[in-house]
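Letter by letter, the chains look like this.
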Amino acid sequence: MNSQFNKGVIEMCVMALVSQRDFYGYELVETISKRIEISEGTIYPILRRLTQDKYFETYLKESSEGPPRKYYRMTVAGLRETEKLLKEWHKFATDVDFIIKQKGRDIAAGKISGDGQ
Amino acid sequence: MTRQGFLEELRRALAHLPKAEVDEIVRDQDEYIRDAVQAGRSEEDVLRSLGSPASLAASLLAETRIQQAAESTTLKEKAGNTFGAVAAIIALAPLNLIFVLGPFLGAAGLLIGGWAGAAGILLAALGFLLAFFVKLIFLSVGFWAHVSTFFFAVGCVGLSLLAFIFMAAITKAFLTLTLNYLKWNLNFIRARA
């Protein structure tokens, strides 16, 4: 996968997840890693920035297994930003998909050759 | 490397940041490593995948500097923090020196020249004002000659003020542009790492 593309998408994934419920750091990395390959150091700077931008708030919660965990909770501003990003993303994905499929049909119909000429 | 070693090295690498912030980052990383180990992974595996403490610190420092620059309200503060952000990005990825430093220094040089020009006009205007008063006291060149020198001097002061306002606007635009570029650049670095 194009990694330059990857990073913005990871940020959007983080926002989408936290907009659904509160997450702690490792949980987020684990959830995203199940589907997308990421290096583990990428998420934390994103979390810090989103917190500094006031899209996230944090709070500490005692855990049964050890020291308290820091949870990330989305703010109203964060929710607004997430909605905006996801809307843009859906439009982009739909458009890309349309173009790809359109091209596939054109190739099948013999309008253009398979090598794109 | 052990968890303790990783955290100590991270703390050293972040020494430029306020202590409260360093404590928080170290606490967060400690939590993360513990959680990963609890999930059944080996400590070495987690630490390897986290990357070096130095590179994590560098990317956090660069983020912080950009944040500070974006939040600073006065032009002077913003300029200082933007220089800091450029330095942090260069520390993060020396290769970016070519991309960031060249254009940045070139434009910064032009801006400094512009400010010097504005200051020059102001100095000249003050000189003309001084000349006006000297003439007024010591020379009898007639009423209209005094009036014209006076308005010329006042005109120059006005011109220099305009120049300063213009330079402030351009400088602000330049700093904003630089910051946006740095943000983009930081994403690029992070993606490649």
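Residues numbered from 1 in each chain as written. Chains lettered and ligands numbered in written order. Predicted model: local features only at pLDDT ≥ 70, side-chain atom pairs only at ≥ 80, totals over all residues. Heavy atoms only, no water.

This brings us to the overall build of chain A. Tallying secondary structure elements over chain A gives four helices and three strands in all. Starting at the N terminus, the α and β elements of chain A follow one another as α-β-α-α-β-β-α. With 117 residues in all, chain A has 37% of them scored as buried. Across chain A, the fraction of contacts at a sequence separation of at least 24, relative to all contacts at a separation of at least 6, is 47%. For chain A, the exposed surface amounts to about 7200 Å²; the carbon and sulfur share of it is 55%. (Helix = DSSP H or I, 4+ residues; strand = E, 2+ residues; numbered from the N terminus. Buried < 20%, exposed > 50% of the residue type's maximum accessible area, 1.4 Å probe, protein only. Contact = heavy atoms within 4.5 Å. Areas by Shrake-Rupley, 256 points an atom, 1.4 Å probe, with all protein chains shown as cover.)

Positionally, Glu 11 of chain A belongs in helix H1 (residues 3-20). For Glu 11 of chain A, a relative accessible area of 15% gives the class buried.

All names here are of chain A. Spatially, S1-S3-S2 is the arrangement adopted by the three strands of the open sheet, whose pairing is antiparallel. With partners counted over all chains shown, the strands left at the sheet margins are strand S1 (23-24) and strand S2 (56-61), one partner each. Pairing analysis gives six bridges linking S2 to strand S3 (residues 69-74), with the strands arranged antiparallel. By the bridge assignment, Glu 57 is partnered in S3 with Arg 73. (Pairing = 2+ DSSP bridges.)

This brings us to the interface of chain A and chain B. Contacts between the two partners involve 26 residues from chain A and, on the opposite side, 28 residues from chain B. Summed over both sides, the interface of chain A with chain B buries roughly 2400 Å², with 49% coming from carbon and sulfur. Together, Tyr 26, Glu 40 and Tyr 44 of chain A form the three largest contributors to the area buried by chain A at its contact with chain B, with a combined 27%. Our count for the chain A to chain B interface comes out at six salt bridges. One salt bridge in this structure joins Arg 69 of chain A and Asp 35 of chain B, with 2.9 Å as the shortest N-O distance. Contributing elements (two or more residues each) for the side of chain A that touches chain B: H1, helix H2 (25-33), helix H3 (43-52) and S3 of chain A. Top element by residues in the side of chain A that touches chain B is H3 of chain A. It accounts for six residues. Looking at the side of chain A that touches chain B, its residues break down into ten nonpolar, seven polar and nine charged. (Buried area = accessible area lost by both parts, 1.4 Å probe. Salt bridge = Lys/Arg side-chain N within 4 Å of Asp/Glu carboxyl O. Nonpolar A, V, L, I, M, F, W, Y, C, P; charged D, E, K, R; others polar.)

Along the polypeptide, Gln 20 of chain A turns up in helix H1. Between the C-alpha atom of Gln 20 of chain A and that of Met 74 of chain A, which follows or precedes it by 54 residues, the distance is 8.7 Å.

This part takes up the side chain of Glu 27 of chain A. As for its placement among the helices and strands, Glu 27 of chain A is situated in helix H2. Apart from residues lying up to four places away in sequence, Glu 27 of chain A is in contact with Arg 21 and Asp 22 of chain A.

With that out of the way, let us pick up the nonpolar core. Formed by 39 residues in total, the largest nonpolar core has its most connected members in Val 14, Val 18, Ile 43 and Phe 56 of chain A together with Leu 14 of chain B. If one sorts the elements of this core by residue count, helix H2 (residues 19-38) of chain B sits on top with six residues. In this structure, Phe 56 of chain A is in contact with Val 14, Met 15, Val 18, Leu 47, Leu 50, Thr 51, Tyr 72, Arg 73, Met 74 and Thr 75 of chain A, ignoring residues within four places of it in sequence. Ranked by size, the runner-up nonpolar core spans 21 residues in total, among them Ala 88, Ile 90, Phe 104 and Leu 182 of chain B. (Core = buried A, V, L, I, M, F, W, Y, C linked by side-chain atoms within 4.5 Å.)

This model, assessed by the stated rule, comprises 20 salt bridges over all chains. In this structure, the salt-bridge partner of Asp 28 of chain B is Lys 70 of chain A, at a minimum N-O distance of 2.9 Å. Of this pair, Asp 28 of chain B sits in helix H2 while Lys 70 of chain A sits in strand S3, which puts the two residues in different chains. Taking the relative accessible area as the measure of exposure, Asp 28 of chain B reaches 6% and is therefore buried. With its nearest N and O atoms 3.9 Å apart, the salt bridge here joins Asp 45 of chain B to Arg 48 of chain B. With Asp 45 of chain B and Arg 48 of chain B both in helix H3 (residues 43-50) and three residues apart, the pair spans about one turn of that helix.

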